[in-house]
Amino acid sequence: MGKTILEAKHITKLFPGMKALDDVDFDLQEGEVHILVGENGAGKSTLSKVLLGAYKPEGGEIFLDGQPLKLTGTKDAIEKGIVAVYQENSLVPYLNSAQNIFLNREPKTKLGLLDLKKMNDDARELLKILNCEYIDVTKVVSSLSVAEQQMVEIAKALSFSPRIIVFDEPTSTLSEREVESLFKQIRKLKAEGLGIIYVSHRMQEFPLIGDRITVLRDGKKIGCVGINECTDAELVKMMVGRDVSQVYVRNKTDFSEEALKVENFCDQDGRVKNVSFNVRKGEIVGLAGLVGAGRTETAEMIYGIRPIASGKMTVFGKEQLPKTPTSAVKMGIGLISEDRKRQGLALNESIAQNTVAVSLLKVFPNFFVNNSKINQIAEEFKEKLRIMMTSVGKKTRFLSGGNQQKVVLAKWLSQDPEILIFDEPTRGIDVGAKMEIYNLMDRMASEGKAIIMISSELPEIIGMSDRIYIMKEGEITGELKREDPDFNQEKIGELMMLGGAE
Amino acid sequence: MEKFKQAIKESTAFYSLIGLVVLVILSSIIAPNFRTINNMITIFRQASLLLILSSGLTAVLLTGTMDLSVGATAGLVGCVVAQLVKSSISVPVAALIGILIGVVIGLINGTLAGILPGFIATYGTNWVIAGLGIAIMRGQVIYDLPPSFTFLGVGYVGPIPILVIFALIVVVILYVLLTKTTLGRRIYQYGSNPVAAEYSAVPTRRIVLSAFVICSVCAAFAGMLMTARLNAADAAMGDTYGLQTVAAAVIGGTSQKGGEGGVLGTIAGALILTIVVNVMNLTGIPAQAQGLIIGSVIVIMVLIDTVTRKRQENKID
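Residues numbered from 1 in each chain as written. Chains lettered and ligands numbered in written order. Predicted model: local features only at pLDDT ≥ 70, side-chain atom pairs only at ≥ 80, totals over all residues. Heavy atoms only, no water.

A. A look at the overall build of chain A. Counting its secondary structure elements, chain A contains 18 helices and 20 strands. Over its C-alpha trace chain A gives a radius of gyration of 26 Å, about what one expects of a compact globule, namely 23 Å for 502 residues. Counting only C-alpha atoms and orienting by the principal axes, one finds that chain A spans roughly 80 × 50 × 50 Å. Relative to its full complement of 502 residues, chain A shows a buried share of 55%. Considering only intrachain contacts with a sequence separation of at least 6, the fraction spanning at least 24 residues in chain A is 67%. Carbon and sulfur atoms form 50% of the exposed surface of chain A, whose accessible area is close to 22,200 Å². (Helix = DSSP H or I, 4+ residues; strand = E, 2+ residues; numbered from the N terminus. Rg over C-alpha atoms; globule rule 2.2 N^0.38 Å. Buried < 20%, exposed > 50% of the residue type's maximum accessible area, 1.4 Å probe, protein only. Contact = heavy atoms within 4.5 Å. Areas by Shrake-Rupley, 256 points an atom, 1.4 Å probe, with all protein chains shown as cover.)

B. Inspection of the sheet that holds strand 7 (residues 164–168) of chain A at higher detail. Residue and element names in this part refer to chain A. With respect to topology, six strands assemble into an open sheet ordered 6-7-8-3-9-10, the strand pairing being mixed. In this open sheet, the two strands that pair with only one neighbour each are strand 6 (82–85) and strand 10 (220–226). Adjacent strand axes in the sheet meet at a mean angle of 20 degrees, parallel and antiparallel pairs treated alike. Here strand 3 (residues 33–37) runs beside strand 9 (residues 212–217); their pairing, made up of four bridges, is parallel. Following the sheet pairing, L36 is matched in strand 9 by T214. Each of strand 3, strand 9 and strand 10 is contacted by helix 8 (residues 232–240), which is oriented at about 35 degrees to strand 9, the strand it contacts most. (Pairing = 2+ DSSP bridges. Axes fitted to C-alpha atoms, helices over the stretch in contact; angles between N-to-C directions.)

C. Spotlight on the nonpolar core. Counting residues in hydrophobic clusters, the biggest one holds 122 residues, and the most contacted among them are A:F167 and A:I333. With eight residues, the top contributor of residues to this core is helix 16 (residues 431–446) of chain A. Once residues within four sequence positions are removed from consideration, A:I333 is found in contact with A:I302, A:Y303, A:M313, A:V315, A:A328, A:W412, A:P417, A:I419 and A:I421. Membership of the second largest hydrophobic core comes to 65 residues, among which are B:L61, B:V170, B:I214 and B:C215. (Core = buried A, V, L, I, M, F, W, Y, C linked by side-chain atoms within 4.5 Å.)

D. Expanded view of the packing of helix 8 (residues 162–179) of chain B against helix 13 (residues 263–282) of chain B. Residues and elements named next belong to chain B. Axis separation between helix 8 and helix 13 bottoms out at 9 Å; the angle between their running directions is 150 degrees. Considering the angle they form, helix 8 stands roughly antiparallel to helix 13. Residues V171, L174, Y175 and L178 of helix 8 lie in contact with helix 13, whose contacting residues are V263, L264 and I267. Looking at the contact of helix 8 with helix 13 residue by residue, the classes come out as seven nonpolar, no polar and no charged. (Parallel < 35°, antiparallel > 145°, perpendicular 65-115°, else oblique. Nonpolar A, V, L, I, M, F, W, Y, C, P; charged D, E, K, R; others polar.)

E. Structural view of the state of the cysteines. All chains considered together, the criterion is met by zero disulfides over all chains. With no disulfide of its own, A:C230 lies closest to A:C224 among cysteine sulfurs, the gap being 10 Å. For A:C230, a relative accessible area of 18% puts it in the buried group. Among the cysteines around B:C79, which has no disulfide bond, B:C215 carries the closest sulfur, lying 18 Å off. (Disulfide = S-S within 2.5 Å.)

F. Region of the structure containing the interface of chain A and chain B. Taken residue by residue, the interface counts 33 residues in chain A and 26 residues in chain B. Between chain A and chain B the total buried area reaches about 2,600 Å² when both faces are included, carbon and sulfur atoms providing 53% of it. Here chain A is connected to chain B by two salt bridges. With its nearest N and O atoms 3.6 Å apart, the salt bridge here joins B:E260 to A:K395. There are 14 residue pairs in polar contact (both at pLDDT 80 or more) connecting chain A and chain B. (Buried area = accessible area lost by both parts, 1.4 Å probe. Salt bridge = Lys/Arg side-chain N within 4 Å of Asp/Glu carboxyl O. Polar contact = N/O pair within 3.5 Å; in protein donor to acceptor, adjacent residues only side chain to side chain.)

G. Region of the structure containing the packing of aromatic side chains. Taken as a whole, this structure holds seven aromatic pairs over all chains when the rule is applied. Centre to centre, the rings of A:F367 and A:F368 are 5.6 Å apart; their planes meet at 75 degrees, and the pair counts as edge-to-face. Its relative accessible area of 34% is what places A:F367 among the partly exposed residues. A centroid spacing of 5.3 Å and a plane angle of 90 degrees characterise the contact between B:F166 and B:F221, whose relative ring orientation is edge-to-face. A residue pair is termed long-range when its members are at least 10 positions apart, and B:F166 in helix 8 and B:F221 in helix 11 (residues 204–230) qualify at 55 residues. When the ring centre of A:F160 is taken as origin, the NZ or CZ atom of A:R105, which lies over that ring, is 4.0 Å away. (Phe/Tyr/Trp six-rings, centres within 6.5 Å; stacked < 30°, edge-to-face > 60°. Lys NZ or Arg CZ within 6 Å of the ring centre and 35° of its normal.)

H. Up close: the pattern of salt bridges. Residues and elements named next belong to chain A. Counted by the stated rule, this structure contains 32 salt bridges over all chains. In this structure, E180 and R187 form a salt bridge, with 3.7 Å as the shortest nitrogen-oxygen distance. The salt bridge involving K312 is made with E319; its shortest N-O contact spans 3.9 Å. Overall, K312 belongs to the partly exposed group, its relative accessible area being 37%. Sharing partners across several salt bridges, the network here consists of K3, E30, D65 and R163.

I. Broad picture of the pairing of strand 7 of chain A. All names here are of chain A. Among the five residues that make up strand 7, five are buried, leaving the element largely enclosed by the rest of the structure. Burial of strand 7 is two-sided: the residues I164, V166 and D168 facing one way and the residues I165 and F167 facing the other way are all buried. Both strand 7 and strand 8 (residues 195–199) contribute to a ladder of five bridges, which runs parallel. Across the sheet, the residue bridging to D168 is V199, located in strand 8.

J. Representation of unusual backbone geometry. All names here are of chain A. Of note in this structure, D23 is not a glycine but carries a positive phi near 55 degrees. Phi angles above zero are rare outside glycine, and E473 is one such case at about 45 degrees. Along the chain, E473 turns up in the loop between strand 19 (467–472) and strand 20 (475–481). Take E473: its relative accessible area is 55%, and that puts it in the exposed class.

K. View of the confidence of the model for chain B. Per-residue confidence for chain B averages 91 on the pLDDT scale, and 94% of its residues sit at or above 70. With pTM at 0.74, the complex prediction returns an ipTM value of 0.87. (pLDDT = per-residue confidence, 0-100.)

L. Up close: the side chain of A:Q149. Residue and element names in this part refer to chain A. Its place among the elements puts Q149 in helix 5 (residues 146–158). Judged by relative accessible area, Q149 falls into the buried class, the value being 14%. Separated by 3.3 Å, the side chain of Q149 and the backbone oxygen of L144 make a polar contact.

M. Representation of the sheet that holds strand 16 (residues 333–336) of chain A. Residue and element names in this part refer to chain A. Spatially, 16-17-18-13-19-20 is the arrangement adopted by the six strands of the open sheet, whose pairing is mixed. Looking at the sheet topology across the chains shown, the edges are occupied by strand 16 and strand 20. Strand-to-strand twist in this sheet, taken as the mean axis angle between neighbours without regard to direction, amounts to 20 degrees. Where strand 13 (residues 284–289) lies against strand 19, five bridges are found, and the strand directions are parallel.

N. Representation of the pairing of strand 9 of chain A. Residue and element names in this part refer to chain A. Most of strand 9 sits out of view: five of its six residues are buried. Sheet topology note: the strand 9/strand 10 ladder contains six bridges and is antiparallel. Pairing of I213 across the sheet is with V225, part of strand 10. If you look at the hairpin formed by strand 9 and strand 10, you'll find two residues sitting between the two strands, and D218 has a positive phi there, around 50 degrees.

In structure tokens form, the structure reads like this:
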């Protein structure tokens, strides 16, 4: 490995109410891929933004080739050879690849007109370095695949002749094959002596691409290890700060009366067909299946959002069908929907107001509301769910994914339904928050709530459920109990893919 | 007090309130007679109908849609009530009928706005309502209404015009309704994210209907007062108010995207519009030139509001 290009010492970055980075050291060598890892909110994006000149740190120094470096902004960083490839495309969708690569610094002819020929040739040249000469540089970017767009983005980064490239979660939108070709390009850049900073939390990728890993947690550097020096479990422990064997908590409870029974549910467009199942008080029932198997649709029928074409539903012994979410909530049913930004939260409303979004009429049955009472309820759940925030009056959009999900939970806990459906409750949130949600589900079940959990992560659904129904193409293909000998990934996978034995 | 300051600063009304203060200071310098108590009372009297109309419209804007029919609604109700009191039906009964017409129009607008974009739906109903007004009046103008009725528009309690008192009452009711009641909270909630509101078991249809009813009832009330003030009724009398009402609310920082803004800003917006006109009259700017200035004020205020809000949103992201 070569000499050190970039070195950051004692970097501290403050945000209102929190230390995003606390005395963090980092260094990058020539021809190295240095992975930055940590939970959401651990500070990895903040650190990369500091190195890219997007944030000015309150403390610490950065050295480039041993010389102190004071960045005045991203433009300055680019001039010094530090560029970024972001997770979400920063390309202009309606311009073509060449226009995007040379946006704002288009080559001109002597007359001052655009030199289209030179621009296209140079763009082709850059894409050739990436083995992507098949991309037509004159095609608008929106017509390219996500992976191709990413290559254009890298080509753009290369056009600055950088020495350091920061990749921020580059593979989150790519398929496996595309990831492989991206890695090939990264290895090539590395061989040319560039320093690569790779921000990610996909652990399975690390051995394929990385040389060293720096782990951040709560804005602090926890450690820096060589890629072969530690196991996955050790890495997770560094990230989370506790042992992973404790991830799934399920204290066996006695199931009492039946809370919800669904019989022969069918919807109008054939996405749910003859679905029947039940859930008892104190029980966690999993709905497993591939995306599109009809699990979310079933949940939405129970919750009164999706029209029910035929079927029966019994809630605590009383046969009734929900017509709207309002009537479902009256029956004691709640749904934590899978898309928290679109369906779960009003992002521009405060955390406090979101907390009482469902329970408003329950808390204030007499028409008038009392805002300090709302704040008080929100404070309660902030403590109970350990929601990290500066104030309950802040807009929900400013929270991290995991904390937003906790606000959605708070919203339902303050309503306190007897039957609660969790649809992909841990999607896109970090390990620590996941574990807290598992703990909460377990506690709710032991308090006698009936819980339905929809998840595409098999370890999670196996870890948490007392019983699992497996769905495929709108139908239930099997039911497994925790005590069954084949309560495992293989059997569930089989039922998900192939359907029932009959 | 600290809390109050914080609330003001974080509210979307902040910039329109600053705009109002700056405007008052500038006006006092430009037109010395602006500062007189008499002129202040005049301003509030001139602003009162706009305040009632635009406070009501704020409820609709907060749900993320639009009502373009408030001017026509005011006109129609004004005409109907004028005809009723003229045919010696008692003022309270006539007023009640006027309000009921407002409720019906609100229900129709709200139902349509649940299906079509509110902007289009109410642009249409605006014409229909205006047409009804013309039909009822048969193109005529009614004069000489009974004093027991016109008193509402021209009377005074001490030095304060009754109109101003009515406006104050409506503004306070709407402020409380929108910020201190479950209905108001749900209007904000719905406007901020309609899909999330539905998933939060908010009866969304009913919320939108309520907002439109609130808006049309305010328009109906303003229409009656308009007639009482003019001591005459004409089907076209509400026309000029239609877009001014929208302008007042928007200047006040209530975004058409829904969920943001409120009555506080709308009050500032209505006063800003009224003061600009007042000062132009005081300084003798010809009426033909006034539109140009009003238009500029609207654009500038909305520009400031939009730019500052964008900056705030980017601040912590």
